[in-house]
Amino acid sequence: MLSAGKVRLRPIEERDMATLYLWMQDAVLLRSINRTEKTTWSSHIDWYRRLLHDESQILFSVEAVEDGMLVGQCGLKKVDYKNRKAELWVFIGDNTMRGNGYGSEAVKKLVSFAFEEKGLNRLYLYVVDFNLGVKRFYQQMGFRQEGFFKQDVCIDGIFHDTIHMALLKEEYNGLQK
């Protein structure tokens with residue numbers, strides 16, 4: 001468990017499934033995380049069971065320290081220990097909690113965990129071109145744009161570019177000074 005400030009990152013547990021499932025029915029949230037289809041309960045539970053045995057992913061539930069309320073989820077996927085890199089992602093699923101610093105604190109803790117505890121050297125992520133607020137958010141967290149892929153994803157029948165961003169351990173170390 002990773003805890004400090006407003007949020008605690010803990011492993012996803014079965015008790016989180018109902019709330020996570022509800023969030024995966026929120027069309028606005030799904031669009032912001034580049035998912036276009038709502039999930040079924042059965043596929044949601046299958047995802048959780050696969051997750052328990054998938055060493056290429058490290059996922060956390062994000063909860064508010066103040067009251068233990070589940071507010072979001074974050075993690076590392078495509079973890080590549082040989083090349084010491086992973087894809088970082090985060091979302092605050094409870095829309096009443098967005099904009100209150102929970103995402104920022106979750107990302108800071110996750111980045112610290114990835115570099116300091118897991119020994120990774122590079123974290124990367126993708127932002128859909130219409131999501132400029134998220135791009136600014138990650139820039140504030142120290143991520144830099146490395147490029148973009150034209151018409152990389154199709155959302156609601158429209159192709160969008162994706163912005164590729166990354167943070168290196170040496171850049172993170174510079175931010176900590």
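Position numbers for residues start from 1 in each chain and track the written sequence from start to end. Selection of residues for local features in this predicted model requires a pLDDT of at least 70, selection of side-chain atom pairs for listing and counting requires 80 or more, and totals for whole chains, interfaces and linings are taken over all residues. The side-chain values count all of the structure's non-hydrogen atoms but skip hydrogen atoms and water molecules.

### Some remarks on the pairing of strand β8 (residues 158-168)
Alright, step 1. Summarising burial for β8: eight of the 11 residues are buried, a large majority.
Alright, step 2. At least two bridges found by DSSP between two strands are what make those strands a pair. Strands here are runs of E lasting at least two residues and helices are runs of H or I lasting at least four, both read from the DSSP assignment and numbered beginning at the N terminus. Relative to β8, strand β6 (residues 122-128) runs antiparallel, the two being bridged by seven bridges. By the bridge assignment, V127 is partnered in β8 with I163.
Alright, step 3. Pairing between strand β7 (residues 144-155) and β8: eight bridges, direction antiparallel. Opposite V153, over in β8, you have H160 as the bridge partner.
Alright, step 4. Counted along the chain from β7 to the antiparallel partner β8, the turn is two residues long, and its residue D156 has a positive phi close to 55°. The classification of residues rests on relative accessible area computed with a 1.4 Å probe and restricted to protein chains. Under 20% of the type maximum is buried, over 50% is exposed, and intermediate values are partly exposed.

### Considerations on the side chain of S61
Alright, step 1. In this fold, S61 is placed in strand β3 (residues 58-64).
Alright, step 2. Whether two residues touch is decided by their heavy atoms; if any such pair falls within 4.5 Å, the residues are in contact. Dropping the residues within four chain positions of it, S61 is found in contact with R8, L9, R10, P11, I12, D16, L70 and G72.

That is the geometry; function is a separate question.
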